[in-house]
Each structure stands twice: as structure tokens, then as C-alpha cells.
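Each chain, written out:
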Amino acid sequence: MPSALQPVERLHEVDANNYHYWITMRNSRQREAILRVVRTATCHPTAEWVYGEVKKELPGISLGTVYRNLKVLSESGEVQSCDSSGGTMRYDGTMTSHHHFRCEGCGNMVDIEDQLGSELDGQVAARTGLSIRCHVLEFRGLCPDCQRVRPPSERQAIHG
Ligand SMILES: [Zn+2]
Ligand SMILES: [Zn+2]
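Residues numbered from 1 in each chain as written. Chains lettered and ligands numbered in written order. Predicted model: local features only at pLDDT ≥ 70, side-chain atom pairs only at ≥ 80, totals over all residues.

(A) Structural view of the environment of V149. Along the chain, the position of V149 falls in the loop between α5 (144-148) and α6 (152-159). Considered as a pair, V149 and G105 are 44 residues apart in the sequence and their alpha carbons are 9.2 Å apart. (Helix = DSSP H or I, 4+ residues; strand = E, 2+ residues; numbered from the N terminus.)

Here's what the structure looks like:
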């Protein structure tokens, strides 16, 4: 009798809907928490750092979930990813146009106001005929803390 099965089927349906609802809620909570952490951080955090912060709020979250969400958030333009050859991928919640300084000593990233803006894009576009969407400029060197610390080889030379 098919009618006898109906309540059971319905029950499954409700369970499945609840499960789906729960997963969706969990996913959006995770994404919101990750976004909040990146937006409020000023240190241009790595995925590992974000993971450490989000874990305080959502202890069950995995590093893989954080990676996956950061990828989605940067693809949708909600955070910026700062890709750099040879460096760790870092994330930035500051969405206004700005440049970065990356310390070669400690890896810290600092924001540098973009004073060239779209002017530079226009100049390069006019010169090359390329269609420029944006530009990425990274300054490198040593932050004040790292400037104070001498490399071990120099320290030995001083003591010897
Ligand atoms: Zn440094
Ligand atoms: Zn930045």
C-alpha cells in the first residue's frame, strides 16, 4: 500500500530539508565569520592565521573550509588576495585601491596609499593599446623592526 509509506517518505523529506538547511546555515555562518576576520584584520592575514581566529568562534571549522571560503570570497571580490611570487598568499579586507609593502625580513605587509590611481592605468593603456583593468604594485624592503635587527653574520662580525 503506497499510502502507508507516505509518512515515512515525508519524514525523510523533512530530514533532508533540515539537513540541507542546517548545512546551508553552517556554511553561511562559516563564510560570514571568515569574512569578518579578514575585514577587521589589518595584518593581511594568511589562511592559517584566519583559521586560528575563526576557530575561536567556530571550533569545529577545518583549515580546508577556511581555504575554500577564502577562495570563494576573493573570487567574488569580497576580499582581496595578495598573490606574490615566492611569498605566502595573504588576504586583505581593505577593498579601496592601495599598494603593499612587504617586509623581506618578517614577511609583514603594510598598506601604502595609492596615489597613482587610475591615472597610471590610463597612461599605460594609451602607451600600449592594452585594456588595463587594474594594477598591482608591491614595494619590498625591511620594516622598522627588521631594520633594527642585524643579520646574524653581521652580529658575529661585530662581536669577533
Ligand atoms: Zn619586518
Ligand atoms: Zn592591503
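The structure having been displayed, the exposition proceeds.
(B) Spatial organisation of the sheet that holds strand β3 (residues 98-103). If you trace the three strands from one edge of the open sheet to the other, you get β4-β3-β5, paired in mixed fashion. Across the chains shown, the open sheet's two edge strands, defined by having one partner strand only, are β4 (109-113) and β5 (138-141). Neighbour-to-neighbour, the strand axes of the sheet open up by a mean angle of 25°, direction not taken into account. In this sheet, β4 lies alongside β3 in antiparallel orientation, the contact comprising five bridges. Paired with H98 across the strands is E113, a residue of β4. (Pairing = 2+ DSSP bridges. Axes fitted to C-alpha atoms, helices over the stretch in contact; angles between N-to-C directions.)

(C) Quick peek at the nonpolar core. Within the largest apolar cluster, 13 residues are counted, with the highest numbers of intra-cluster contacts made by I34, V37, V38, V50, V54, V66 and L70. Elements with a contribution of two residues or more to this core: α1 (2-40), α2 (47-57) and α3 (63-75). Setting aside residues up to four positions removed in sequence, V54 forms contacts with A33, I34, V37, I61 and V66. (Core = buried A, V, L, I, M, F, W, Y, C linked by C-beta atoms within 7 Å. Buried ≥ 20, exposed ≤ 12 C-beta atoms within 10 Å, placed from the backbone. Contact = placed C-beta atoms within 7 Å.)

(D) Region of the structure containing the packing of α2 against α3. Running from N to C, α2 and α3 point in directions that differ by 115°, and their axes come no closer than 9 Å. α2 and α3 meet at a crossing whose hand is right-handed. Packed against α2, whose contacting residues are A47, V50, Y51 and V54, the element α3 presents L63, V66, Y67 and L70 at the interface. Class assignment for the residues of the contact of α2 with α3 results in eight nonpolar, no polar and no charged. (Left-handed = near helix turned anticlockwise from the far one by under 90°. Nonpolar A, V, L, I, M, F, W, Y, C, P; charged D, E, K, R; others polar.)

(E) Layout of the pairing of β3. The antiparallel pairing of β3 with β4 creates a hairpin that spans five residues between the two strands, and G107 there sits at a positive phi of about 85°. Pairing analysis gives four bridges linking β3 to β5, with the strands arranged parallel. Note on β5: the bridge partner recorded for H100 is E138.

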